[in-house]
Amino acid sequence: MRRAAYNLGIPNLSANPLCRVLTLAHLLRAVALLSFLLPSVAARVSDWNEPEQQLARKIVSVSGPGAIFLTVENRSSLSKRDNEIIQNGLRAALEGVGMRFVTLEQAAATVAIYLSENTASYVWVAEIRQGSAAAVVVMVSVPRAEGSTSAREPVPLSLRKISLWTQADPILDVAVLEENGAPTHIAVLDAEKVALYRWQAGKWQQEQMFGIVHARPWPRDLRGRLIPARDHLLDVYLPGVICRSAVGAPLALNCRETDDPWPLVPAGGGAGSISIPLMGAFFAPTRNFFTGALTPGVCKSTTVSKFYSAAWLPRDKYLLWLFAATDGHVHMVDGVSDQTARIAWGSDLTSVKTSCGAGWQVLATSPEANAEETGDSMRAYEFPDRDPVAVSAAIDFPGMIRALWTEAKGDTAIAVVKNRETGSYEAYRVAVVCSQ
């Protein structure tokens, strides 16, 4: 995982009414993440053996035989069935050249295989890492079989990004305060100020600006959060500092040093008629992650692993929390157990409540280590049980996603990106679009 984002923190947090004693299902085997990037045709099953063997030989020529931690991600239009056949074939081929599959902690090397494609061929890329040495990349190409028919599976949902704001200084967060079909009043947070802008005469015009008062220097990788409030304009959360807008006129921003928790759930849960219990998390004042201390906690669990970001999924009788932890795993916490899973995600994730699909989706960034140079991407996932199923194609961004938070109304999210070409910071609203 890369570093990540977080969501929100609220006073007067109450106990979770959804907490029950649960009978938990064991984690199923990881569902292969589906990619739906290019319309294409699927090769015949008989075509896969030779490239599987070829890629295995290239991998072992770099790493040598031994213990490896293997991940395989399908980024092509291969069907789910072919994807599973190829993954099984690759594992068999690697075992045939002396590889053993172990956990990350036990591995002498990590091998990440990506099943990609271009207009003429399938392209399988393997990234091999050993210790602190630079990654080595090997690949094979598989020509498409003539006369085969499309096996591409339909994408049930899609993601749409809408540009909200761009500036040279790093953006920490953007909050939409008013909208009429489109945002008309926004707040932009950076390291030293909150600026209010109103859409007038076809452009954003600055309305007011408030400085952030803080005695201690900010940490290097600064995070911050804007939260629109019900009885005043907004609250601002920064490491070791919380600011609150004054009630009434003139508008002002009052800041104080405190380590009070940040809210993880927007006020009201952003879930329409479904009430999501409020949850606060304590942010490390000199770092870029949450400490893992929760209030009031997930049922009896008041401490989880240190994490960058969080998402929540209502179940029939409980609330499942997903934490993108600093240990590189996703921790699934339901108040009875803390189960870990290594999912091919980045460290930014959050939840949205929509009228699409199962009703709740998790938005998660890609795991690319070089997203700052190549750009980032995001997908929507649903959880039939404890395994993520991709329900949208990836949506690309022009740089690494620096922050991802659910908006106050709960059905959209804000993503902040540093544009790799211009160097500017850009804020987007991300929405889930139902299939027609």
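Anything mentioned here points back to the structure above.
From a predicted model like this one, the values you see are computed outputs, not experimental measurements.

What counts, and where the lines are drawn
- Residues numbered from 1 in each chain as written.
- Predicted model: local features only at pLDDT ≥ 70, side-chain atom pairs only at ≥ 80, totals over all residues.
- Heavy atoms only, no water.
- Salt bridge = Lys/Arg side-chain N within 4 Å of Asp/Glu carboxyl O.
- Helix = DSSP H or I, 4+ residues; strand = E, 2+ residues; numbered from the N terminus.
- Buried < 20%, exposed > 50% of the residue type's maximum accessible area, 1.4 Å probe, protein only.
- Axes fitted to C-alpha atoms, helices over the stretch in contact; angles between N-to-C directions.
- Parallel < 35°, antiparallel > 145°, perpendicular 65-115°, else oblique.
- Left-handed = near helix turned anticlockwise from the far one by under 90°.
- Contact = heavy atoms within 4.5 Å.
- Nonpolar A, V, L, I, M, F, W, Y, C, P; charged D, E, K, R; others polar.
- Pairing = 2+ DSSP bridges.
- Expected span 1.5 Å × (residues − 1).
- Arc of directions from axis to C-beta.
- Phe/Tyr/Trp six-rings, centres within 6.5 Å; stacked < 30°, edge-to-face > 60°.
- Lys NZ or Arg CZ within 6 Å of the ring centre and 35° of its normal.

Let's talk about the pattern of salt bridges
In step 1: Here the structure, examined in full by the defined rule, presents 14 salt bridges.
In step 2: Glu-179 is paired through a salt bridge with Arg-429; the nearest N and O atoms lie 3.0 Å apart. Placement of the pair is Glu-179 in strand β7 (residues 173-179) and Arg-429 in strand β30 (residues 425-434), with a sequence separation of 250 residues.
In step 3: Judged by its relative accessible area of 36%, Glu-179 is partly exposed.
In step 4: Residue Arg-429 is classed as buried on the basis of its relative accessible area of 7%.

Overview of the packing of helix α1 (residues 49-63) against helix α2 (residues 80-96)
The description of two helices packed together rests on the angle between their axes and the distance between the axes.
In step 1: Interaxial distance between α1 and α2 falls to 9 Å at its minimum, and their mutual angle equals 45°. Between α1 and α2, the interaxial angle falls into the category oblique. In terms of crossing hand, the pair formed by α1 and α2 is right-handed. The residues of α2 that touch α1, namely those facing Glu-52, Gln-53, Leu-55, Ala-56 and Ile-59, are Ile-85, Ile-86, Gly-89, Leu-90, Ala-93 and Leu-94.
In step 2: The class makeup of the residues in the contact of α1 with α2 is eight nonpolar, two polar and one charged.

What to know about the sheet that holds strand β8 (residues 183-189)
Each strand in a sheet pairs with its neighbour through backbone hydrogen bonds, running either in the same direction (parallel) or in the opposite one (antiparallel).
In step 1: Pairing is antiparallel in the open sheet, where four strands are placed in the order β7-β8-β9-β10. The outermost strands of the open sheet, each flanked by one partner alone, are β7 and β10 (203-211). Adjacent strand axes in the sheet meet at a mean angle of 20°, parallel and antiparallel pairs treated alike.
In step 2: Of the strand pairs in this sheet, β7 and β8 are connected by six bridges, and their pairing is antiparallel. Paired with Glu-178 across the strands is His-185, a residue of β8.

Section: the environment of Ser-77
In step 1: Mapped onto the elements of the fold, Ser-77 is located in the loop between β1 (66-74) and α2.
In step 2: Residues Ser-77 and Ser-116, spaced 39 residues apart in sequence, show a C-alpha to C-alpha distance of 8.2 Å.

Looking at unusual backbone geometry
In step 1: Here the amide bond leading from Thr-295 into Pro-296 is cis, since omega sits at 0°, within 30 degrees of zero.
In step 2: The residue Pro-296 is located in strand β17 (residues 290-298) in this model.
In step 3: Notably, Ala-201 is not glycine yet its phi reads approximately 55°, a positive angle.
In step 4: Mapped onto the fold, Ala-201 is located in the loop between β9 (193-200) and β10.
In step 5: The residue Cys-299 is not glycine, and still its phi comes out positive at about 55°.

Focus on α2
Residues that lie three or four places apart on an α-helix share one face, since the helix turns once every 3.6 residues.
In step 1: Given a rise of 1.5 Å per residue, 17 residues ought to cover 24 Å, and the 24 Å separating the end C-alpha atoms of α2 matches this to within 8%.
In step 2: Buried within α2 we find Asp-82, Asn-83, Ile-86, Gln-87, Gly-89, Leu-90, Ala-93 and Leu-94. Projected down its long axis, α2 shows its buried positions confined to an angular sector of 165°, all on one face. Those residues of α2 that are exposed and aimed more than 90 degrees away from the buried face are Arg-81, Asn-88 and Gly-96.
In step 3: Against the buried residues of α2 lie α1, β1, β2 (99-101), β3 (109-117) and β4 (121-129).
In step 4: Phi turns positive one or two residues past the end of α2, at Gly-98, with a value near 100°.

Some thoughts on the sheet that holds strand β12 (residues 234-238)
In step 1: Across the sheet, four strands lie side by side as β11-β12-β13-β14; this open sheet has antiparallel pairing. In the strand order of this sheet, the two ends are held by β11 (225-228) and β14 (253-257), each with one partner. Looking at each pair of strands side by side, their axes are set apart by 20° on average, direction ignored.

Details of the packing of aromatic side chains
In step 1: This structure, assessed with the given rule, holds 16 aromatic pairs.
In step 2: Ring centres of Trp-345 and Tyr-381 lie 5.1 Å apart, and the angle between their planes is 50°; on these two criteria the pair is classed as tilted. Linking Trp-345 in the loop between β22 (338-341) and β23 (349-353) with Tyr-381 in strand β25 (residues 376-382), this pair joins segments that are 36 residues apart in sequence.
In step 3: Accessibility expressed as a relative area gives 1% for Trp-345, which makes it buried.
In step 4: Overall, the relative accessible area of 4% leaves Tyr-381 in the buried class.
In step 5: An aromatic cluster of at least three residues, connected via ring pairs, comprises Tyr-237, Trp-262, Phe-283, Phe-290, Phe-307, Trp-312, Trp-321 and Phe-323.
In step 6: Note that Arg-91 overlies the ring of Phe-101, its terminal NZ or CZ placed 5.0 Å from the centroid.

What about the pairing of strand β13 (residues 241-245)?
Regular strands place their side chains on alternate faces of the sheet.
In step 1: Of all five residues that make up β13, four are buried, and the element is covered over most of its length.
In step 2: Pairing analysis gives four bridges linking β12 to β13, with the strands arranged antiparallel. Residue pairing for β13: Val-236 is matched across the bridge by Cys-243.
In step 3: Counting the residues between successive antiparallel strands, the hairpin from β12 to β13 contains two residues, one of them, Gly-240, with a positive phi of roughly 75°.
In step 4: Here β13 pairs with β14 via five bridges, running antiparallel. Counted as the bridge partner of Ile-242 is Arg-256 from β14.

A look at the environment of Asp-169
In step 1: Inspection of the secondary structure assignment puts Asp-169 in the loop between β6 (157-167) and β7.
In step 2: In this structure Asp-169 comes out as partly exposed when scored by relative accessible area, which is 43%.
In step 3: Taking C-alpha positions, Asp-169 is 7.2 Å from Ser-424, a pair spaced 255 residues apart along the chain.
In step 4: Every residue in contact with Asp-169, bar those within four places of it in the chain, is listed here: Asp-190, Lys-193 and Tyr-425.

These values are about where atoms sit, not about what they do.
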